[in-house]
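Understanding the architecture of this molecule
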Amino acid sequence: MSEQRTVKVSKYLSKHLRHQPERIGLSLDEAGWVEIDELLAAAAAHGFPVSRAELDRAVAENDKRRFAVDGSRIRANQGHTVQVDLGLAAEQPPAYLYHGTVGRFLDAIRAEGLRPMDRHDVHLSADRETATRVGARRGRPVLLSVDAGTMHRDGHTFRVSANGVWLTAAVPARYLRFPG
Ligand code: HQG
């Protein structure tokens, strides 16, 4: 299977495990899981046949470990726009976390802080490199530091997804450090 095909399968999985399961007649359980057999049947019935081997490869070789397989079930590790409760425990974050964005959002972010926009949570990274890559999806990346230690002491909840993304509901602007 080509790398290109693996990426295509991964994007298809993200779309239907995070955002639009109903588009192919799937329903996720409350924690975001779906039976792999059901997913494969639904994909085939909607014009995108995927073999079990292709699915396994898309899960195993995913650059960001976007999916988890548990027995006969699969779910996305994070990034949902549909309502799911991933059941992640609250955890103490490192002193600083990072968020990559782009210049055109900075005025709004200075005014209202980081908001989850279409997702459930604001996504933060433990390292600058990852956050810079996230920002670079949209243009020249701007790296923001988040004073996560103080936020946590002030009562904000942090969770970490199975693939290492730090999640929190919102980051008020006073906890952000802007470059320059
Ligand atoms: C920005 C990908 C205006 C925020 C990535 C970002 C990540 C604001 C965009 C994961 C704002 C939301 C998440 C405010 C935040 N005003 N803009 N108040 N607050 N923003 O895609 O963090 O490939 O929902 O800076 O690699 O970019 O999907 O979030 O630019 O891990 O697995 O609004 O998505 O992973 O964009 O990316 P997103 P994100 P996957």
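Quick summary incoming for the structure in this document. (Residues numbered from 1 in each chain as written. Predicted model: local features only at pLDDT ≥ 70, side-chain atom pairs only at ≥ 80, totals over all residues. Heavy atoms only, no water.)

What about the site of the ligand?
Keep this limit in mind: Any residue with a heavy atom positioned within 4 Å of a molecule or strand is treated as near that molecule or strand. Within 3.5 Å is the distance limit for a polar contact, defined as a pair of N or O atoms, with the added protein rule that one can donate a hydrogen and the other accept it, and that residues adjacent in sequence qualify only through two side-chain atoms. Shrake-Rupley sampling with a 1.4 Å probe provides the accessible areas, and residues are treated as covered by the protein chains on show and by no other component. Each helix is a run of H or I in the DSSP string that is no shorter than four residues. Each strand is a run of E no shorter than two, and both are numbered from the N terminus. Gly is put with the polar residues, along with every residue not named as nonpolar or charged; the nonpolar set is Ala, Val, Leu, Ile, Met, Phe, Trp, Tyr, Cys and Pro, and the charged set is Asp, Glu, Lys and Arg. As annotated, the domain borders come from an automatic or database domain assignment.
Taken together, 18 residues are adjacent to the ligand, and Arg18, Lys64, His99, Thr101 and Glu112 come closest. Interatomic distance of 2.9 Å between a backbone N/O atom of glycine 113 and a nitrogen atom of the ligand. For the ligand, an oxygen atom lies 2.9 Å from a polar atom in the side chain of arginine 137. Isolated, the ligand exposes 780 Å² of accessible area, and the fraction of that covered by the protein chains is 89%. Elements that contribute at least two residues to the shell around the ligand include exactly β4 (96-102) and α4 (106-112). Ranked by the residues each element gives to the shell around the ligand, the list is headed by α4, at three residues. Across the shell around the ligand, the residue classes break down as six nonpolar, four polar and eight charged. Summarising the domain contributions, the shell around the ligand has at least three residues from each of domain 1 (3-76) and domain 2 (97-177).

Details of unusual backbone geometry
Let me state the cut-off plainly: For every residue, the accessible area (1.4 Å probe, protein chains only) is compared with the maximum for its type, and the residue is labelled buried under 20%, exposed over 50%, or partly exposed between those bounds.
Phi at arginine 65 is positive, roughly 45°, even though this residue is not glycine. Looking at the secondary structure, you find arginine 65 in the loop between α3 (52-60) and β2 (67-70). Phi is positive for methionine 117, close to 55°, though the residue is something other than glycine. Here methionine 117 shows up in the loop between α4 and β5 (122-124). Using a relative accessible area of 61% as the deciding quantity, one classes methionine 117 as exposed.

Brief notes about the pairing of strand β3 (residues 73-76)
Where we set the bar: What makes two strands pair is DSSP finding at least two bridges between them.
As paired elements, strand β1 (residues 34-35) and β3 share two bridges and run antiparallel to each other. Directly across from glutamate 35, in β3, lies its bridge partner arginine 73. Bridge count for β2 against β3 is four bridges, and the pairing is antiparallel. When the sheet's bridge partners are listed, phenylalanine 67 is paired in β3 with alanine 76. In textbook terms, the turn of a hairpin is the stretch between consecutive antiparallel strands, and for β2 and β3 this stretch comprises two residues, one of which, glycine 71, has a positive phi near 60°.

Some thoughts on the sheet that holds strand β8 (residues 166-168)
Within the open sheet, the three strands sit side by side as β5-β8-β7. Their pairing is antiparallel. The open sheet is flanked by β5 and β7 (159-160), the only strands paired with a single partner. Here β7 runs beside β8; their pairing, made up of two bridges, is antiparallel. Opposite arginine 159, over in β8, you have leucine 167 as the bridge partner.

Section: the packing of aromatic side chains
Defined as follows: Planes of paired rings set the category: under 30 degrees apart is stacked, over 60 is edge-to-face and the rest tilted, where pairs are Phe, Tyr or Trp rings (Trp by its six-membered ring) whose centres lie within 6.5 Å. Note on geometry: a ring has a charge over it if NZ (lysine) or CZ (arginine) is within 6 Å of the ring centre and within 35 degrees of the ring normal.
Scanning the entire structure with this criterion turns up one aromatic pair. Ring centres of tyrosine 12 and phenylalanine 48 lie 4.1 Å apart, and the angle between their planes is 15°; on these two criteria the pair is classed as stacked. You can see tyrosine 12 sitting in helix α1 (residues 3-19) and its partner phenylalanine 48 sitting in the loop between α2 (36-45) and α3, a full 36 residues away along the chain. Its guanidinium or amino end placed over the ring of phenylalanine 48, arginine 5 lies 5.2 Å from that ring's centre, counting from NZ or CZ.

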